[in-house]
Amino acid sequence: MIYLDNAATSGKKPESVIKAVNYALNNFSANAGRGGYKLAVDASNAIYRVREKVSSFFGASSPLKVAFCPNCTHAINYVIKGVMSNGGHIAVSDLEHNAVMRPVYKTNCDYTVVETSFTDDKITTQNFENAIREDTRLVICTAVSNVTGKIMPIREIGEVCKRKGVLFLVDGAQGGGVVPINVGKYNIDFLCIASHKGLLSPMGTGILIAESDIPDTVIEGGNGINSLELKQDSEMPEGFESGTLCLPNIMGIGAGIDFISKIGIEEIYEKEMNITSFFYENLAELKDVILYTPYPEKLSFAPVLSFNIKEKHSEEIAEYLDKNGIAVRGGFHCSYSAHNKLNTTDVGTVRISPSFLNSMNEAKYTVNVVKKYNLFLKS
Ligand code: PLP
């Protein structure tokens, strides 16, 4: 099978990640932070070492700014609901995932959807600046769109937020491990990561990096500290780590970061973008294929590409590819905003998202299958 749905989750986990998960199950089966005996302390120390790796990989100010959550969606909910608990206004991009838009909607706070540009990052940044009001508390922008692959100018938006004294949340679900993100250098207050995607680790764990205070908790329970008090502190990291952590997955995250660091994020990105450009160039030649973005220039786009074939539903195309042994996602990619922007709320899009573990031969085969389908539709 040719797996081209890495924006949903990375299809092939490196052997070292699988080994790290196995090692944890064999050697650290104690509840970290819930006991004073050696095995529980070893488990806590193992988690701390991964906090250190995450902190240094994303340029956080301390490992204690890193919390592990059930997934990126939880991390985003913690920030939006915790920060907005006292009201205020939110400015959010027009390419956000429902993991952002649904919690924003749920807060009942006033929000502005900021128009972004595929071709001019200065316009995007200026639009964010224009949207910030006196009562704006939070600016939210994805690092990379999960539908169009557009890399957002988060560094520039971060500068605006710092100048205006507004908190900045970056949804790093698609960007983490794919493009460089540095919390300190980019003035990011909150970064949420879906580690099962770009960090090549298991599903079921996400990361919250919080450089600024989140005044309120969202999920309360046992977190190994202040156990005799009923009110839970919202201090990082334990304030956002209620309940038992998934230590095997956390070890997998550490191994995923090591794997990427060893090869180099730039080298991985380069290969992924060569495959993505190949798809774009070849699909653009087909008369009935619709592409939604300009050519995916490096540094402006990440390896995520949406297309359609005229008068077909994206799910039918994805189904045809599946019958030919190719896994891509059709339909709506949990992003009402992006489909609204692309005018695809009727048919969705077919999304191709290669990883550097895909080969050019797989890309060629896939393009040929799309060509065959296109010809078949015309005959
Ligand atoms: N944000 C974006 C841009 C995503 O693409 C996704 C997942 O597809 C999420 C958030 C949510 O990630 P998770 O499902 O790991 O919580």
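Values in this document were obtained by computation on a predicted structure and should not be read as measured data. (Residues numbered from 1 in each chain as written. Predicted model: local features only at pLDDT ≥ 70, side-chain atom pairs only at ≥ 80, totals over all residues. Heavy atoms only, no water.)

Visitor: Looking at this structure, I do not really get the domain arrangement of the protein chain. What am I missing?
Guide: Many structure descriptions define interface size as the accessible area lost when the parts assemble. Assigned domains of the protein chain: these are domain 1 (2–10 + 264–378) and domain 2 (15–262). Between domain 1 and domain 2, the C-alpha centre-to-centre distance is 27 Å. At the interface, 34 residues of domain 1 touch 33 residues of domain 2. Between domain 1 and domain 2, a total of about 2500 Å² is buried, with carbon and sulfur atoms accounting for 59% of that surface. (Domains from an automatic or database assignment. Contact = heavy atoms within 4.5 Å. Buried area = accessible area lost by both parts, 1.4 Å probe.)

Visitor: Before we go on, may I ask you to explain the site of the ligand in this structure?
Guide: In the vicinity of the ligand lie 13 residues, with Thr73, Asp171, Gln174, His196 and Lys197 positioned nearest. Thr73 is positioned with one of its side-chain polar atoms (N or O) 2.6 Å from an oxygen atom of the ligand. In the complex, the protein chains occlude 86% of the 390 Å² of accessible area that the ligand would expose alone. When its residues are assigned to classes, the shell around the ligand shows four nonpolar, seven polar and two charged. (Near = heavy atom within 4 Å. Polar contact = N/O pair within 3.5 Å; in protein donor to acceptor, adjacent residues only side chain to side chain. Areas by Shrake-Rupley, 256 points an atom, 1.4 Å probe, with all protein chains shown as cover. Nonpolar A, V, L, I, M, F, W, Y, C, P; charged D, E, K, R; others polar.)

Visitor: How should I be thinking about helix H5 (residues 121–131) in this particular structure?
Guide: Residue pairs spaced three or four apart in an α-helix point in one direction, given the helix's 3.6 residues per turn. Inspection of H5 places Thr124, Thr125, Phe128, Glu129 and Ala131 among the buried residues, and these make up the whole buried set. Seen end-on, H5 carries its buried residues on one side only, within an arc spanning 165°. Opposite its buried face, H5 presents the exposed residues Lys122 and Asn130, each directed more than 90 degrees away. Packed against the buried residues of H5 are strand S3 (89–93), strand S4 (110–114), strand S5 (136–142) and helix H6 (154–164). Where H5 starts, the residue carrying a side-chain oxygen 2.9 Å from the main-chain nitrogen of Lys122 turns out to be Asp120. (Buried < 20%, exposed > 50% of the residue type's maximum accessible area, 1.4 Å probe, protein only. Helix = DSSP H or I, 4+ residues; strand = E, 2+ residues; numbered from the N terminus. Arc of directions from axis to C-beta.)

Visitor: In this structure, what is going on with the pattern of salt bridges? I would like to understand it.
Guide: One side chain can pair with another of opposite charge once the charged atoms of both are near each other. A full pass over the atoms with the stated rule returns 13 salt bridges. With a shortest N-O distance of 3.0 Å, Lys150 and Asp121 are connected by a salt bridge. Within this pair, whereas Lys150 is found in the loop between S5 and H6, its partner Asp121 is found in helix H5, the two being separated by 29 residues in sequence. Accessibility expressed as a relative area gives 1% for Lys150, which makes it buried. Looking at Asp121, the relative accessible area reads 30%, which means it is partly exposed. In this structure, Arg163 engages Glu129 in a salt bridge whose closest nitrogen and oxygen atoms are separated by 2.8 Å. Residue Arg163 is located in helix H6, and its partner Glu129 is located in helix H5; the two are separated by 34 residues in the primary sequence. Salt bridges sharing common partners tie together Asp110, Arg133 and Asp135. (Salt bridge = Lys/Arg side-chain N within 4 Å of Asp/Glu carboxyl O.)

Visitor: Looking at this structure, how should I read a nonpolar patch on the surface?
Guide: Taken together, the side chains of Tyr105, Tyr111 and Val113 define a hydrophobic patch exposed on the protein surface, amounting to about 330 Å² of accessible area. For Tyr105, the position within the fold is in helix H4 (residues 98–107). The exposed category is assigned to Tyr105, whose relative accessible area is 63%. (Patch = residues over 30% accessible without salt bridge, like charges linked within 9 Å, V, L, I, M, F, W, Y side chains within 5 Å.)

Visitor: Before we go on, may I ask you to explain unusual backbone geometry in this structure?
Guide: Residue Met236 is joined to Pro237 through a cis peptide bond whose omega torsion reads -10°. Here Pro237 shows up in the loop between strand S8 (206–210) and helix H7 (247–263). Despite not being glycine, Cys334 has its phi angle at roughly 55°, a positive value. With respect to the helices and strands, Cys334 occurs in the loop between strand S11 (326–327) and helix H10 (336–342).

Visitor: Looking at this structure, how should I read the side chain of Ser55?
Guide: Relative to the assigned elements, Ser55 resides in helix H2 (residues 38–57). Ser55 sits in the buried class, given a relative accessible area of 6%. Once you skip the residues sitting within four places of it in the chain, Ser55 turns out to touch Ala60, Ser62, Pro63 and Val66.

Visitor: Help me out: how do you make sense of the sheet that holds strand S12 (residues 350–352) in this one?
Guide: Pairing between sheet strands relies on hydrogen bonds along the backbone, with the strands arranged either parallel or antiparallel. In space, the three strands of this open sheet follow the order S9-S10-S12, with antiparallel pairing throughout. Either end of the sheet is taken by a strand with one partner, and the two such strands are strand S9 (289–291) and S12. Across the sheet, the mean angle from the axis of one strand to that of its neighbour is 35°, orientation sign disregarded. With respect to the sheet, helix H8 (residues 265–284) is in contact with S9, strand S10 (305–309) and S12, its orientation differing from that of S10 by roughly 20°. The strands touched by helix H9 (residues 314–323) within the sheet are S10 and S12, with S10 carrying the most contacts at an inclination of about 100°. (Pairing = 2+ DSSP bridges. Axes fitted to C-alpha atoms, helices over the stretch in contact; angles between N-to-C directions.)

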